[in-house]
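Each chain, letter by letter, is given below.
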Amino acid sequence: METLATALGHYNYVITIFLMMIGLYIVVVRGNMVKKLVGLSIFQTSVYLLYIAPGKIIGGTAPIIDPAFKVYSNPLPHVLILTAIVVGVATLALGLALVVRINEAYGTIEEDEIFERDRET
Amino acid sequence: MSAVWPHLPILQVIIPLFGALLAGFARRSGAAFAITLVVSWLMPLCAGAMLWQVLASGPISYHLGSWPPPWGIEYRVDVLNAFVLMLVSTIGAVIMPFARRSVAFEIEEGQRAWFYCMYLLCLTGLLGVTITGDAFNAFVFLEISSLSTYVLIALGRDRRALLAAFQYLIMGTIGATLYVAGVGLLYLVTGSLNMVDIAARLGPAWADNSRAIIAALAFVTVGVSLKLALFPLHAWLPNAYAYAPSWATAFLSATATKVAIYLLVRFLFSIFGVAIDFRALPVAAIVVALSLAAMFVASLIAVFQSNLSRMLAYSSVAQIGYITLGIGFVNLAGLTGGLVHIVNHALMKAALFLAVGAIFFRVRTVRLSELAGIGRKMPITMAAFTVAGFGLVGTPGTSGFISKWYLALGALEKGWWVVVFLIVASSLIALVYVGRVLELAWLREPSDAIKDANDPPLSMLLPLVLLAAATIYFGLDTEWTAGIASMAAKDLLGGLR
């Protein structure tokens, strides 16, 4: 019961772990390369959440200094994750470009069929 | 000169970054090569000046945009990363002349300028990871180097290069994401991203957050281990090295995994080791166990390869095992052995892969069955290969012996006689796979497939011979390798709790 209460109290971390495991599972289990990349993106996104969620302070405002406010949210995680999103987009774009080239070279994007075609030659 | 001097740390990263842009815009391969050559030759000057400065007057701290740490990004150069910077930039400079003919032979004209552009971006990333004192900045540079590496591999001559690049992309991204999750946990616990600052705040935070810190340690260690191909996380490496363009393989095998090893050492010794007593955790024991497994399993797999590049790739996994073994000992001799093997292995493996590139340049194949008698046709190339091969085995008189000597001393200091025996035994396996190639190359009659082969032109031969000579030189005079490595190891161990 206590564990459940802790888990509910930290529900944002529970979601993070859930997304992380789903992403990793897709990457490992799926043979289709586009699906693998989708899984990889979900995996990366979970880490964005890990950074962003704790940056919000309940009752805090935007970090613009004003004598009327005492509590501010932390803007730094957002900035970090903007960078990480750019890295993630670049990775996804490069991954998809590779999939296009693999499809041109092999005529398929299923991993097991590709291994079969390599074995034939 | 005096205006440039204080800005060396940022120049080390900015010059290759802008060089990459110029090379990309140049479009013509000749112009791109010229830009790349100039940049590659500037880098060791920059790194050498910093190494000299660090040895003379202690660590350099450079504040980006004059924002003081921990708020701004700090570039921090101490003996350890000046040593690695020097290695990466020197390897790039020495093997660059080899690239022109090798790249012209293996890559289409339209893609050559992009190849040089990607190489310079990769160099930017590797130097950036090494020089930065900011954990998140290290992630960004890690991904700059990794993304450009995937492209370099995909430019390989075989369609399997595409598949290798894709598999590396998946594994590398998982590794980087795990690393950044670990850094995130550290940031949650300490509120800082500056490595020195994290180390200072982690100790007081340990009492309340020990679980989060152990999770962060696990995330970072596994993430970086994927990048450095620690057994059994090495699955991406053999195909990537076997199908990438020859010159790219030589560069990557000598530098990319080494920089990841540096990052692991930095986190274990300068961040976690300063704050918590990680000797009480099983990290070092796990690293030692995996390293021993790498030394044996990967060496044994190498013995049974029919393709020369793949054999050397598996040998790389085994040799990385020696480096991490020394790190896992957590004592002066062991750590010195690990760090010195970073340099020694980089020099030998670059020489070996350049020799493979030269062979491919002449006979268009690297399958062992077709290379019988190659030593008689390409004597200088294979002589360099032989010297570097003996370095891999660890024969006295080569630099490989120095590394293994320190590793054995480290194991003895621990009282681990069995490990000393295992280091010697795994070297014997290396003797088998190197000896197999040497027997084939020197003692057989040349086959028809290679009857027209001869040594490559001077621009390719010179880097190869230089690296092979370095393998012997650093086996005799160890002041610049083991001397600096032991200074770095002393610094790292002195900071441990």
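The rules behind these values
Residues numbered from 1 in each chain as written. Chains lettered and ligands numbered in written order. Predicted model: local features only at pLDDT ≥ 70, side-chain atom pairs only at ≥ 80, totals over all residues. Helix = DSSP H or I, 4+ residues; strand = E, 2+ residues; numbered from the N terminus. Rg over C-alpha atoms; globule rule 2.2 N^0.38 Å. Buried ≥ 20, exposed ≤ 12 C-beta atoms within 10 Å, placed from the backbone. Contact = placed C-beta atoms within 7 Å. Axes fitted to C-alpha atoms, helices over the stretch in contact; angles between N-to-C directions. Parallel < 35°, antiparallel > 145°, perpendicular 65-115°, else oblique. Nonpolar A, V, L, I, M, F, W, Y, C, P; charged D, E, K, R; others polar. UniProt positions renumbered as here; feature names shortened; annotations may be inferred. Pairing = 2+ DSSP bridges. Core = buried A, V, L, I, M, F, W, Y, C linked by C-beta atoms within 7 Å. pLDDT = per-residue confidence, 0-100.

**Q** Would you mind going over the overall build of chain B with me for this structure?
**A** Of regular secondary structure, chain B possesses 18 helices and 2 strands. Computed over the C-alpha atoms, the radius of gyration of chain B is 21 Å, within 12% of the 23 Å expected from 2.2 N^0.38 for a compact globule of 497 residues. Counting only C-alpha atoms and orienting by the principal axes, one finds that chain B spans roughly 70 × 55 × 40 Å. In chain B, which comprises 497 residues, the proportion classed as buried is 63%. Long-range pairs, those at least 24 residues apart, make up 80% of the contacts in chain B between residues at least 6 apart in sequence.

**Q** Quick question: what am I supposed to make of the packing of helix H6 (residues 160-190) of chain B against helix H7 (residues 195-228) of chain B here?
**A** The axes of two packed helices give the description: the angle between them and the distance between them. All names here are of chain B. Closest axis-to-axis distance for the H6/H7 pair is 7 Å, and the angle between their directions is 175 degrees. As summarised for this structure, H6 and H7 are arranged roughly antiparallel, according to the angle between their axes. Residues of the contact of H6 with H7, tallied by class, amount to 23 nonpolar, 6 polar and 2 charged.

**Q** What exactly am I supposed to notice about the interface of chain A and chain B here?
**A** Where interface size is given, it is often the accessible area lost as the parts come together that is meant. Taken residue by residue, the interface counts 25 residues in chain A and 21 residues in chain B. The element that contributes the greatest number of residues to the side of chain A that touches chain B is helix H4 (residues 76-106) of chain A, accounting for 13 residues. Here the side of chain A that touches chain B is composed, by residue class, of 18 nonpolar, 4 polar and 3 charged.

**Q** Sorry if this is basic, but what is going on with the UniProt feature "domain: NADH:quinone oxidoreductase/Mrp antiporter transmembrane" (unreviewed entry) in chain B here?
**A** Here, UniProt's "domain: NADH:quinone oxidoreductase/Mrp antiporter transmembrane" (unreviewed entry) annotation points to residues 134-429 of chain B. End-to-end, the C-alpha atoms of residues 134-429 of chain B are 41 Å apart, and along that stretch the chain is 83% helix and 0% strand.

**Q** What's the story with the pairing of strand S2 (residues 74-77) of chain B in this structure? I'm lost.
**A** Strand residues, when the strand is regular, have side chains that alternate between the two faces of the sheet. All names here are of chain B. Going residue by residue along S2, you find Glu74 and Arg76 tucked away on one face and Tyr75 and Val77 tucked away on the opposite face as well. In this structure, strand S1 (residues 60-63) lies alongside S2, joined through 4 bridges in antiparallel fashion. Bridge pairing links Tyr62 to Tyr75 in S2.

**Q** What exactly am I supposed to notice about the nonpolar core here?
**A** For soluble globular proteins, the rule of thumb is that nonpolar side chains tend to be buried together. Formed by 226 residues in total, the largest nonpolar core has its most connected members in B:Ile153, B:Ala165, B:Ala350, B:Ala351 and B:Leu354. Once residues lying within four places of it in the same chain are set aside, the contact partners of B:Ala165 are A:Leu98, B:Tyr150, B:Ile153 and B:Ala154.

**Q** Is there a simple way to explain the confidence of the model for chain B in this structure?
**A** As a general rule, the predicted coordinates of low-pLDDT regions are not to be interpreted in detail. Residues and elements named next belong to chain B. Counting all residues, the mean pLDDT for chain B is 92, and 100% of those residues have values of 70 or more. Per-element confidence in chain B is highest for helix H5 (residues 135-154), whose mean pLDDT is 95, and lowest for helix H13 (residues 374-377), whose mean pLDDT is 87. Predicted complex, confidence summary: ipTM 0.94, pTM 0.94.

**Q** Just checking my understanding: could you explain the UniProt feature "transmembrane region" (unreviewed entry) in chain A for this structure?
**A** Residues and elements named next belong to chain A. Mapped onto the present numbering, the UniProt feature "transmembrane region" (unreviewed entry) falls at residues 12-30, 37-59 and 79-100. Taken as a whole, residues 12-30 contains 95% helix and 0% strand, while its terminal C-alpha atoms sit 27 Å from one another. Annotated as residues 79-100, this span is 100% helix and 0% strand, and its ends, taken at the C-alpha atoms, are 32 Å apart.

**Q** Got a minute to help me understand the environment of B:Asn194 in this structure?
**A** All names here are of chain B. Within the fold, Asn194 resides in the loop between H6 and H7. Taking the C-alpha atoms as reference points, Asn194 and Gly133, 61 residues apart in sequence, are found 6.0 Å from one another. What Asn194 contacts, discounting residues up to four positions off in sequence, is Pro69, Pro70, Glu74, Gly133 and Asp134.

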